[in-house]
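# Per-entry structural report
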Amino acid sequence: MSSEMIGGIGLIGLLLLLLLLVLRVPVALAMLIVGVVGFAQVISWGAALSMVKSVPVDVLSSYSFSAIPMFIFMGVLAAHSGMAGMLFNSTRTICGGWKGGMAIATVGSCGVFSAISGSSLATASTMTRVALPEMEKHGYKRSLATGTLAAGGTLGIMIPPSIALLIYAVITEQSVGDMFAAGIIPGLMGLLFYALTVSVVMRIWPDMAVPGEPTSLGEKLRSMSGLLPFFTVFVIIIAGIYQGMFTPTEGASVGAFATLLYALYKGMRLKGLWQSVQETLALSAVVFFMLVGAETLGYFISVSRISFTISAFLGGLDVPTMVILLLILLMYFVLGMFMDSIAMLVITVPVVFPIITMLGIDPIWFGILTVLTVELGLVTPPVGMNVFVIKAMAPHVTLGEIYRGVTPFIVADLLRLVLLIAFPVLTLWML
């Protein structure tokens, strides 16, 4: 079979994948179908069926991927044990008396919860249950309250330990520890920019919220005890990985065990523990099914040489490397409006990473830019996954209100992305 014909099969496969996604076929199943059928057309059906037998075993037995259920378990335990409620009460007390203080507290809570959740959707749904009723009760406009939650939830994809950063590192064979270290400053920038955004909104539209109850310095200091469990787990994981005390998988296990001990100490019953295990298994199954589909699709992309064809095309363009990088990020921004972040990464990274390698772009820096752009898509119309999570949790709020509330945060994220592109040192200084 000629190389042109093989390339044509690869292109048809990608178009078929897009069609299946438009038809609402589950992402994992769509990748699996295209990967198997496409591989069979290029090689043979026997080889394709052999791949179907071997790929699930390879993915499910991967030591690197075994950290994913542990990170999910940490976030689920924090949600079911009351840790999230304690966290919000602490940050609300610290921000007491500030204009828009409860919204700033929500941003802070999302950022801290992200440090052990690793998932944007989990952060958004958990903090919506905790914070939205309180903000509405205290007179916050629904657009500001829900916009803050939708934007704050996106911090879960960047602040380490992040499942998205982990998956990117494994797919591209980068150091997970380096990816986590590189995500710290961009994650903290997001937290700071969102808090400043709330302050700016309050200055322009002061009727969006009312000042909270003033709290004394002693109350603020005492309330920090609610932050301690999260920071303890975060420091254990990040310091342990960065200092070489344990691998990311071992760090995830240690963090999950520490979170479990704290949950039991705070009175979690057997029923709550069982619910946490069930939820962890369900979420992990979804993620691993997508990874199996992505691995299968990756084999097809490899034998069809579609990524090399795209690389050769882009390499032949008479444009600066930065223009190509911006075009790739634009693609992620558009896809992020419609797709889950993890699904998007596992589908596209095997295609674009050879291009990044060919252009000589730092893979760690590119990974952070990619995840941030994906994060931006989570709150951008016409879809925005986080927006629909908020809508599902608060059906009485209209989509228009949520989109209006999240728009200032989109501007803040664009500014953060520009700074990270202009100053790579913000991402790479710890490496």
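Refer to the structure presented above.
So, a few notes on the structure that sits alongside this text. (Residues numbered from 1 in each chain as written. Predicted model: local features only at pLDDT ≥ 70, side-chain atom pairs only at ≥ 80, totals over all residues. Heavy atoms only, no water.)

### A look at the packing of aromatic side chains
Counted only if it meets this: Note on aromatic pairs: the rings of Phe, Tyr and Trp (six-membered ring only in Trp) are paired at centre separations within 6.5 Å, and the planes decide the class, stacked below 30 degrees, edge-to-face beyond 60, tilted for the rest. By definition, any uninterrupted DSSP run of H or I lasting at least four residues is a helix, any uninterrupted run of E lasting at least two residues is a strand, and each is numbered from the N terminus. Each residue is assigned to one of three classes by its accessible area relative to the maximum for its type, calculated with a 1.4 Å probe on protein chains only: buried under 20%, partly exposed between the two thresholds, exposed over 50%.
Taken as a whole and assessed by the stated rule, the structure comprises 4 aromatic pairs. With centroids separated by 5.5 Å and ring planes inclined at 85°, the aromatic side chains of Tyr194 and Phe409 adopt a geometry described as edge-to-face. Separated by 215 residues along the polypeptide, Tyr194 in helix α10 (residues 176–204) and Phe409 in helix α20 (residues 399–422) bring together distant segments of the chain. Residue classification places Phe409 among the buried residues on the basis of a relative accessible area of 1%. Between the aromatic rings of Tyr262 and Tyr265, the centroid separation amounts to 6.2 Å while the plane-to-plane angle is 45°, which identifies the pairing as tilted. Highlighted residues: Tyr262 and Tyr265, both in helix α13 (residues 248–265), separated by 3 residues, approximately one helical turn.

### Quick word on the nonpolar core
What counts is decided by this rule: Here, nonpolar core refers to any group of buried Ala, Val, Leu, Ile, Met, Phe, Trp, Tyr and Cys residues whose side-chain atoms link them within 4.5 Å. Note on contacts: a residue pair qualifies if any of its non-hydrogen atoms lie within 4.5 Å across the two residues.
In terms of nonpolar packing, the biggest core is built from 146 residues, with Ile68, Phe71, Leu291 and Phe366 touching the most fellow members. Among the elements that make up this core, the one with the highest residue count is helix α17 (residues 341–359) (13 residues). Apart from residues lying up to four places away in sequence, Phe71 is in contact with Ile116, Ser117, Pro161, Ile163, Leu166, Phe180, Ile237, Pro248 and Ala252.

### Details of the side chain of Thr126
Along the chain, Thr126 turns up in helix α7 (residues 120–137). In this view, Thr126 contacts Ala79, Ala84 and Phe113; residues no more than four positions away in its chain are not counted.

### Observations concerning the packing of helix α19 (residues 385–393) against α20
What counts, and what does not: Convention adopted: a line fitted to C-alpha atoms gives each axis, helices being fitted over their contacting stretch, and angles between N-to-C directions are expressed from 0 to 180 degrees. Oblique is the label for every angle not falling under 35 degrees (roughly parallel), over 145 degrees (roughly antiparallel), or within 65 to 115 degrees (roughly perpendicular). Crossings are sorted by hand: turned counterclockwise from the far helix by less than a right angle, the near helix makes the crossing left-handed, and turned clockwise it makes it right-handed. Side-chain classes follow a simple rule in which Ala, Val, Leu, Ile, Met, Phe, Trp, Tyr, Cys and Pro form the nonpolar group, Asp, Glu, Lys and Arg form the charged group, and the remainder, Gly included, forms the polar group.
The contact between α19 and α20 brings their axes to 10 Å, and the two run at 130°. It follows that α19 is oblique to α20 by the angle criterion. Read as a crossing pair, α19 and α20 show a hand that is right-handed. For the pair α19 and α20, contact is made by Val387, Phe388, Ile390 and Lys391 and by Leu399, Ile402 and Tyr403, respectively. For the contact of α19 with α20, the per-class residue count stands at 6 nonpolar, no polar and 1 charged.

### Looking at the pattern of salt bridges
As a reminder of what qualifies: Take a side-chain nitrogen of Lys or Arg and a carboxyl oxygen of Asp or Glu: if they are within 4 Å of each other, that pair is a salt bridge.
All told, the structure shown has 5 salt bridges when counted by the stated rule. Residue Arg142 is joined to Glu401 by a salt bridge in which the shortest nitrogen-to-oxygen separation is 3.2 Å. With a gap of 259 residues between them, Arg142 in helix α8 (residues 142–153) and Glu401 in helix α20 connect regions that are remote in the sequence. Exposure remark for Arg142: the relative accessible area of 32% places this residue in the partly exposed category. Given the relative accessible area of 14%, Glu401 is considered buried. For Asp413, the salt bridge identified is with Arg416, shortest N-O distance 2.5 Å. Remark: Arg416 and Asp413 occur in helix α20; sequence separation between them is 3 residues, near one turn of the helix. The pair Asp413 / Arg416 is uniform in exposure class, with both members buried. Linked by salt bridges that have partners in common, Arg92, Glu134 and Lys137 make up one network.

### Quick look at α13
Rule in force here: To estimate the expected span of a helix, count its residues, drop one, and scale the result by 1.5 Å.
In this model α13 runs 25 Å from its N-terminal to its C-terminal C-alpha over 18 residues, within 8% of the 26 Å that 1.5 Å per residue would give. Listed as buried for α13 are Pro248, Thr249, Gly251, Ala252, Gly255, Ala256, Thr259, Leu260 and Ala263. With its phi angle positive at about 100°, Gly267 sits one or two positions after the end of α13.

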